[in-house]
Amino acid sequence: MTPELFRELVAEAVLSPNVHNIQPTLWRLVDAQTIALVQSPVRSLPVGDPTRRDAQASHGAAAEGMVIAASARGIALSVATAAPGEVARMTVTGACAPDPLVPFLTRRRTYRGAFDKALEASALKALETWSHPDTRLITDDAHIRQIALLTDQATLRAFRNRPYRQELASWMRLTKADRNWSRDGLNAQAMGMSAPLAVAAGVVLSHPVFEIFDRLQLAGMLTAEAGVTRSASALVAFVQDRDADPFQTGRDWHRLWLELTARGLSAAPLTILGDDAQAAAEMGHRLNLAPHQRLVTVLRAGMVDAVKLPSPARLPVDELILP
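Counting of residues starts from 1 at the beginning of each chain's written sequence and follows it residue by residue. This being a predicted model, a pLDDT of at least 70 is required before a residue's local features are given, and a value of 80 or more before pairs of side-chain atoms are given or counted; all residues contribute to the totals for chains, interfaces and linings. Side-chain measures were taken over the full set of non-hydrogen atoms in the model, leaving aside hydrogen atoms and water.

Draft legend 1. Inspection of the pattern of salt bridges at higher detail. Whenever a carboxyl oxygen of Asp or Glu lies within 4 Å of a side-chain nitrogen of Lys or Arg, that contact is scored as a salt bridge. Summed over the entire model, instances satisfying the criterion amount to 16 salt bridges. Salt-bridge contacts for Arg7 lead to Asp318; the nearest nitrogen and oxygen are separated by 2.4 Å. Taken together, the residues span a long stretch of sequence, with Arg7 in helix 1 (residues 3-13) and Asp318 in the loop between strand 10 (293-302) and strand 11 (321-322) at a distance of 311 residues. Asp318 gets classed as exposed once you look at its relative accessible area, which sits at 55%. Among the ionic pairs, Arg160 bridges to Asp214, the shortest N-O distance being 2.8 Å. Here the residue Arg160 occupies a position in the loop between helix 4 (141-159) and helix 5 (162-170), and Asp214 occupies one in helix 7 (residues 209-215), the gap between them amounting to 54 residues. Three exposure classes are used, based on accessible area relative to the maximum for each residue type with a 1.4 Å probe and protein chains only: buried under 20%, partly exposed in between, and exposed over 50%. A relative accessible area of 46% means that Arg160 is categorised as partly exposed. Through salt bridges with shared partners, one network takes in Glu64, Asp99, Arg251 and Arg255. Numbering goes from the N terminus for both helices and strands, where a helix is a DSSP run of H or I of at least four residues and a strand is a run of E of at least two.

Draft legend 2. Geometry of the nonpolar core. Of all hydrophobic cores here, the largest spans 36 residues; its most connected members are Leu235, Leu273, Met283, Leu287, Leu295 and Val298. Taken together, the elements giving at least two residues each to this core come down to helix 4, helix 5, strand 8 (234-241), helix 11 (272-275), helix 12 (277-286) and strand 10. Top contributing element to this core by residue count: helix 4, with 7 residues. If we skip the residues at most four places from it in the chain, Met283 touches Ile147, Leu150, Leu273, Leu295 and Val298. The nonpolar core is taken to be a set of buried Ala, Val, Leu, Ile, Met, Phe, Trp, Tyr and Cys residues, with the residues joined through side-chain atoms within 4.5 Å. By size, the runner-up hydrophobic cluster in this structure holds 32 residues, among which are Leu26, Ile68, Met90 and Leu320. When checking whether two residues touch, look at their non-hydrogen atoms; a contact exists if any pair is within 4.5 Å.

As structure tokens, this is what we get:
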């Protein structure tokens, strides 16, 4: 594991999905056989993720990205016990064949816009043989419409929490003048917002403007995404045991998303369905989950012309590698 190869692997691993694109994972090459993952001291969500469960899942997704990237070079990596101050360590264990998901590691994109309904038949055909032990596939239009409404209700509840709303807004990049537009967070292009809509969103989310709109019963119209959610060909509910290790959950989540990418589908997470207690309970009932299971998230999935997929906003590799 040379420093040059290490940089190549980090550049690919950083493309892994992570909560609100805050990119909480830093990397250190300990020696020629060992890589350390470290939590960034400035990239966290103390309001939205107080237990850092989502951050741990993000680290797990990044680790899985590193494993897949290394396999493309014939290098097998395994997760080892972390040293103090680290999230995890990864060690070279020998040679291996490329992971089947290697071609899709750098192709995966989060797409938050409306899917192409003209491609729905192709999307459903791509899912005909879908079989994943941790997922429930929802393709019925009526169920998707109901879950779209449930998502909007949960989103509005979350946005009524001012600290949560302010924290989320701090990671939004609403104009290209924002120096972090292509570096991190959620920019307007990634969120499928036009320039005027993005500027308006910045105003509406501020205090006390949001509260005024909410009293006028207009806030729900501004935060709603039901139309976009209904355009999905399928909703993929990701379910795991309640006591599952969040780091491993992130690894599994990343592979799940790459498997959708391999079938030609794009996706976006409806994380609020797992985070909001009321929505999670309703989804648990709909999915007939056992008491020991929980909904991690739901991916809305469909097909769209590749030219519509946004470029990923990512930090430069030099800012992610520790000495």
